Amino acid sequence: MLAKRALITGITGQDGSYLAEHLLSEGYEVWGLVRGQANPRVSRLRRLLGDVRLARGDLLDQGSLISAVERVRPDEVYNLGAISFVPMSWEQAELTAEVTGMGVLRMLEAIRVISGASSTIRFYQASSSEMFGQVRETPQTERTPFHPRSPYGVAKAYGHFLTQNYRESYGMFAVSGILFNHESPRRGAEFVTRKVSLGVARIKLGLAAELRLGNLEARRDWGFAGDYVRAMHLMLSADKPEDYVIGTGRTQSVRELVEAAFGAAGLNWQDYVIADQSLHRPAEVDLLCADPKKARTQLGWEATMPFEELISLMVESDLRLLTDGGDPDQDSSWP
Ligand code: NAP
Ligand code: G4F
């Protein structure tokens, strides 16, 4: 039997790498959409996952997406590509709308144009708990109304509703995973968990004296990225196209994250952390906490890694990286 073929946008990102690994282990032929003339993240991906095939394309460029779908002829498309850093979405709101929002429309249209009304291509959209924003209830479920608090959250809400609309309008197998924060040693250094794990490693090794952070009271539902990509695959392997909330069901504050990370290195966070008002956001999402019951009962999915273990893993990984002379800012090393 021929191997199933998957096309992943955002393959050079955290989730793209874990998803590619997972699908390769399931026997898939995996293709990644890569953009740019000389994207340094592509060589990082190549070192990690030599078996991934690459197709050029950009979520800003409709023609390139049509060409990629035509060339790859995928059974499944995972749309993970996005401007995904929330603060950047205030600085470049229009670009965020184009990539994170309109990019979803372009990918869905590419599928519709190439495979027609009776498309059998299954489509996964990377929706986000940021859509809940100023939450109307806790924990958040598939039925909780959206109130996004950033241009990023608004763009994700557009992509979410559009995916639902293509399912209803054209009968496409198109689903959204509403994923809560998920982290790993491959997380970008701009996100708070990795900023903290790298900060702790630098302080422990005498490379830095302090760590400046924004809002310590915000609460997030943090899980391990490796678990979350399994959920994406399960959603596209289900009998019926449905949206799912994916998270741990527990919530911690940034303060608790900091305590855990410094504690993992035998340090007291209060000696090093400086609260910096300039790092606060124009509008904050104060509290996120998932109710992943639907995913548990219908997909058999569960988060496996406790919060403290995840944070220790990230701190240990960054201590190793810096001890071995790796440079996280150069995208050179990825565990
Ligand atoms: P990430 O590490 O920031 O990766 C983002 C990816 O998007 C990169 O591969 C980047 O490729 C690609 N990209 C950016 N602009 C693009 C464009 N114009 N065309 C095509 N690709 C483009 O993000 P992640 O953490 O893996 O998250 C994956 C997806 O899940 C994102 O859509 C994110 O918004 C969403 N999400 C993430 C979380 C989380 O906690 N991680 C939670 C909910 C939802 P380049 O190398 O070309 O820059
Ligand atoms: O790690 P963060 O930047 O992640 P955020 O904003 O929750 O977004 C991530 O998760 C979303 C899912 O809910 C994804 F859709 C999105 O793509 C991304 O992956 O910030 C987490 C919290 C925020 O409340 C922020 O204000 O940490 C707080 N924080 C405090 N100090 C900080 C800092 N965040 C960052 N990045 N840097 C700080 O110094």
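Quick notes on the rules
Residues numbered from 1 in each chain as written. Chains lettered and ligands numbered in written order. Predicted model: local features only at pLDDT ≥ 70, side-chain atom pairs only at ≥ 80, totals over all residues. Heavy atoms only, no water. Helix = DSSP H or I, 4+ residues; strand = E, 2+ residues; numbered from the N terminus. Rg over C-alpha atoms; globule rule 2.2 N^0.38 Å. Buried < 20%, exposed > 50% of the residue type's maximum accessible area, 1.4 Å probe, protein only. Contact = heavy atoms within 4.5 Å. Areas by Shrake-Rupley, 256 points an atom, 1.4 Å probe, with all protein chains shown as cover. Lys, Arg positive; Asp, Glu negative; His and termini not counted. Charge placed at Lys NZ, Arg CZ, Asp CG, Glu CD. Near = heavy atom within 4 Å. Polar contact = N/O pair within 3.5 Å; in protein donor to acceptor, adjacent residues only side chain to side chain. Pairing = 2+ DSSP bridges. Right-handed = clockwise from strand over helix to strand, strands pointing away. Nonpolar A, V, L, I, M, F, W, Y, C, P; charged D, E, K, R; others polar. Domains from an automatic or database assignment. Buried area = accessible area lost by both parts, 1.4 Å probe. Phe/Tyr/Trp six-rings, centres within 6.5 Å; stacked < 30°, edge-to-face > 60°. Lys NZ or Arg CZ within 6 Å of the ring centre and 35° of its normal.

Colleague: Whenever I open this one, the overall build of the protein chain confuses me. Can you help?
Modeller: Looking only at helices and strands, the protein chain has eleven helices and 13 strands in total. For 335 residues, the compact-globule formula gives about 20 Å, and the C-alpha radius of gyration of the protein chain, at 19 Å, lands near that figure. Based on the C-alpha atoms only, the size of the protein chain along its principal axes is roughly 60 × 45 × 40 Å. Counting over 335 residues, the protein chain shows a buried share of 53%. For the protein chain, restricting intrachain contacts to residue pairs at least 6 apart in sequence, the fraction spanning at least 24 positions comes to 76%. For the protein chain, the accessible surface area stands at approximately 14400 Å², while carbon and sulfur atoms represent 47% of it. Looking at the protein chain, you have 37 positive and 43 negative side-chain charges, and the mean spots of the two groups are 3 Å apart.

Colleague: Just checking my understanding: could you explain the site of ligand 1 for this structure?
Modeller: What surrounds ligand 1 is a group of 26 residues, the closest being Thr12, Asp15, Arg35, Ser84 and Tyr152. In the environment of ligand 1, an oxygen atom lies 2.5 Å from a nitrogen or oxygen atom belonging to the side chain of threonine 12. Between ligand 1 and leucine 80, the relevant distance is 2.8 Å, taken from an oxygen atom to a main-chain nitrogen or oxygen of the residue. Contact with the protein chains removes 92% of the 900 Å² of surface that ligand 1 exposes when unbound.

Colleague: In this structure, what is going on with the pairing of strand E3 (residues 53-56)? I would like to understand it.
Modeller: Consecutive side chains along a regular strand alternate between the two faces of the sheet. Of the strand pairs in this sheet, strand E2 (residues 29-34) and E3 are connected by four bridges, and their pairing is parallel. Within E3, the residue paired with glycine 32 across the bridge is leucine 54. The β-α-β motif built from E2, the intervening helix H2 (residues 40-48) and the parallel element E3 has right-handed crossover chirality.

Colleague: Please clarify how the site of ligand 2 should be interpreted in this entry.
Modeller: Ser128, Ser129, Tyr152, Arg281 and Glu284 are the nearest of the 23 residues found near ligand 2. Asparagine 181 places a polar side-chain atom, nitrogen or oxygen, 2.8 Å from an oxygen atom of ligand 2. Within the side chain of arginine 220, one N or O atom sits 2.8 Å away from an oxygen atom of ligand 2. Out of a free accessible area of 710 Å², ligand 2 has 95% covered by protein chains. Residues belonging to the shell around ligand 2 are distributed by class as follows: ten nonpolar, six polar and seven charged. Two domains each provide a minimum of three residues to the shell around ligand 2, namely domain 1 (5-182 + 222-246) and domain 2 (189-220 + 251-286 + 306-333).

Colleague: In this structure, what is going on with the domain arrangement of the protein chain? I would like to understand it.
Modeller: The extent of an interface is frequently quoted as the accessible surface area lost upon association of the parts. Once the domains are mapped, the protein chain shows domain 1 (5-182 + 222-246) and domain 2 (189-220 + 251-286 + 306-333). Computed from C-alpha atoms alone, the centre-to-centre distance between domain 1 and domain 2 is 27 Å. Contacts between the two partners involve 15 residues from domain 1 and, on the opposite side, 19 residues from domain 2. Summing the contributions of domain 1 and of domain 2, the shared interface buries around 1700 Å²; its carbon and sulfur component is 62%. Of all residues in domain 1, Phe85, Arg149 and Trp222 bury the most surface against domain 2, accounting for 46% of the area lost on that side.

Colleague: Would you mind going over the environment of alanine 208 with me for this structure?
Modeller: You can see alanine 208 is positioned in the loop between helix H7 (192-204) and strand E8 (211-213). As for alanine 208 and glycine 16, which are separated by 192 residues in sequence, their C-alpha atoms are 31 Å apart. Once residues within four sequence positions are removed from consideration, alanine 208 is found in contact with Arg202 and Ile203.

Colleague: Is there a simple way to think about the packing of aromatic side chains in this case?
Modeller: Working definition: an aromatic ring pair is given by the centre-to-centre distance plus the angle between the planes. Under the definition given, this model contains ten aromatic pairs. The interplanar angle of 80 degrees and the centroid separation of 5.4 Å between the aromatic rings of tyrosine 228 and tryptophan 301 together place this pair among those described as edge-to-face. Here tyrosine 228 is found in helix H8 (residues 225-237), whereas its partner tryptophan 301 is found in the loop between helix H10 (293-299) and helix H11 (307-323), with 73 residues between them in sequence. Relative to tyrosine 272, the ring of phenylalanine 262 has its centre 5.8 Å away and its plane inclined at 10 degrees; by these criteria the two rings are stacked. Within this pair, whereas phenylalanine 262 is found in helix H9 (residues 254-264), its partner tyrosine 272 is found in the loop between H9 and strand E13 (273-275), the two being separated by ten residues in sequence. Classification of tyrosine 272 by relative accessible area gives partly exposed; the value is 22%. Feature note: the residues Phe132, Phe146, Phe161 and Phe180 constitute an aromatic cluster, connected by ring pairs. Lying over the aromatic face of phenylalanine 173, arginine 122 brings its terminal NZ or CZ to 3.7 Å of the ring centre. Of note, arginine 186 hangs over the ring of tyrosine 18, and the distance from its end group to the ring centre comes to 4.0 Å.

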